[in-house]
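# Observations on the model geometry
Read off the chains here:
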Amino acid sequence: MSRTTPCTPHPVPANLPRLAGRIAVVLGSRGEAERLAPVLHQLDDAAVVVHTGEQHDRPLGADLLADLLAEWGVAAPVVALAAGGRNEGLRLGGMATALSGSFAGHRPAAVLVLGGSVSAAAGALAAHRNGIPLVHVGAGARSHERGEAAERRRTTVDRLADVLCAATPENVTQLIDEDHHPDRIVLTGSPVVESVARRLPSPARSTELIDALGLHRDRYVLATLDDARTTRNPVRLSAALHALGDAQDGGHPVVLALRPPGTRAAVVRHGLGPLLTRLRVLDAPDERSVLALARHAALLVTDSGALQEVATVLGRPHLVLRTSTELPESLGEFGELTAPGELAEAIRRHLGRIPEALDRLADVPSPFGDGLACERIAEVALAAASRGGAALPPRRALPDPGAAHTRRCEPVPTAVVDALISA
């Protein structure tokens, strides 16, 4: 069976007409689906999911996407547009072309994207080409690495966006420093807070998993190595695995969650397979299992931005195997950047502060919001969509509200909503 490429005509999705007059939520990866599901729930019938098929090593199939959305009671129709190809430039071009044609033929009231993925950039370009209001969730996040592809995409999407949903006050400041008009910026918080609260397994399930691995709460290390800058570099990958093995030998069990299958393939390709025998390896664990383990880990080690946010929600210290991060708010009290060659010493230093560090972080709120971001994001998305005069239904309340959702949502300032509608 041949792989679809950007040069291959894409079949026209049967439900493409559902785009017209609704908010097109463009996503292509598991991470995007997990974080946008609570926003989709808030938008309900006003939204249509546009699945680009971007992710290759952890494909987001139709069944998995439906399961992720079903957890939030979301039954939004899905328009599937195959991305095709592994080359980033070709993939972006193919996606933008397919999305632009779809939006031209069945014009959405607004387009919503998250972060700096290829899917987000393609959705932003297609919205801009068709003059459709664009809402960017996660606006203003910066690693300040200008040569980084994701950084270029983040700044480009911000420039194209009509509504900038910033997760933190620091993101707001960044956007203002870049001369974005304050009326376009809304401090919303991050959807990750709601996503973690909803997807975190029960205490019984967490205990069951920890016991099955022979672990003890607050006495083990959980590590993930997802970033291509780690997996494609045998020197960095070897240093990281050696440091994790040293921590295991030093009396602190280390669980390595190999989330993308490509990580194990990279370990084997670089001849580093024997280093895995020193660790407790979980192949392709589901997100709930990772959250269950993260909840009771003494320390998280990651090169993934997603787990940085999760660490702050769960109150766990973490080390980030990167030279920079677009989420600096997760550092400071919660974590620090470290090079692979310095990881072993950093692990020893942090584990030496347990349990005092865990007790302290238990009282530190996440810098990424109060668990009400999705309500705010839905409100401004509906306001942006109303610019085209579409009659969209109001957002609905979250099902089975937990403690984080029983508080009253601080409304988006009326002046901001008025500016979005009249712009």
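Up top is the structure these notes are about.
What comes next concerns the included structure. (Residues numbered from 1 in each chain as written. Predicted model: local features only at pLDDT ≥ 70, side-chain atom pairs only at ≥ 80, totals over all residues. Heavy atoms only, no water.)

## Some remarks on the packing of helix H10 (residues 234-249) against helix H14 (residues 343-351)
Put simply, the test is: Inter-axis angles, ranging from 0 to 180 degrees, are taken between N-to-C directions of lines fitted to C-alpha atoms, where helices are fitted over the stretch in contact. The way it works is that DSSP assigns letters per residue, a run of H or I at least four long becomes a helix, a run of E at least two long becomes a strand, and they are numbered from the N terminus. Note on convention: near helix rotated counterclockwise from far helix by under a right angle means a left-handed crossing. Clockwise means right-handed. Throughout, a contact is declared for two residues whenever any of their heavy atoms are within 4.5 Å. Note that Gly is not counted as nonpolar here; it falls among the polar residues with everything else outside the nonpolar set of Ala, Val, Leu, Ile, Met, Phe, Trp, Tyr, Cys and Pro and the charged set of Asp, Glu, Lys and Arg.
The interhelical angle for the contact between H10 and H14, taken along N-to-C directions, is 35°, at an axis separation of 8 Å. Considering only the axes of H10 and H14, their crossing is right-handed. Here Ala240, Ala243, Leu244, Asp246 and Ala247 of H10 lie close against H14, whose contacting residues are Leu343, Ala344 and Ile347. Here the contact of H10 with H14 is composed, by residue class, of 7 nonpolar, no polar and 1 charged.

## Section: the pairing of strand E9 (residues 254-258)
Note the following rule: Note on classification: 1.4 Å probe, protein chains only; a residue is buried when its accessible area is under 20% of the maximum for its type, exposed when over 50%, partly exposed between these limits. When DSSP finds at least two bridges between two strands, those strands are taken to pair. Call a crossover right-handed when, viewed with both strands pointing away from you, the route from the first strand across the helix to the second goes clockwise.
Of all 5 residues that make up E9, 5 are buried, and the element is covered over most of its length. Neither face of E9 is left uncovered, since the one carrying Val254, Leu256 and Leu258 and the one carrying Val255 and Ala257 both have all their residues buried. Here strand E8 (residues 221-224) runs beside E9; their pairing, made up of 4 bridges, is parallel. Counted as the bridge partner of Thr224 is Ala257 from E9. For the handedness criterion, the β-α-β arrangement of E9, helix H11 (residues 261-269) and strand E10 (residues 280-283) is classed as right-handed.

## As for the environment of Leu337
With respect to the helices and strands, the residue Leu337 is situated in strand E13 (residues 335-337). Taking relative accessible area as the criterion, Leu337 reaches 29% and is therefore assigned partly exposed. Leave out the neighbours within four places in its chain, and Leu337 touches Val320, Arg322, Thr323, Ser324, Thr325 and Leu331.

## Quick word on the packing of aromatic side chains
How two aromatic rings sit relative to each other is set out by the distance from centre to centre and by the angle between their planes. Definition in use: Here is the rule: rings of Phe, Tyr and Trp (six-membered ring for Trp) pair when centre to centre is within 6.5 Å. Planes less than 30 degrees apart are stacked, more than 60 are edge-to-face, and the remainder are tilted. To sit over a ring, a charge needs its Lys NZ or Arg CZ within 6 Å of the ring centre and within 35 degrees of the ring normal.
The full count for this structure, using the stated rule, is 0 aromatic pairs. Sitting over the face of the ring of Trp72, Arg198 holds its NZ or CZ atom 4.6 Å from the ring centroid.

Shape descriptors only; they carry no functional weight alone.
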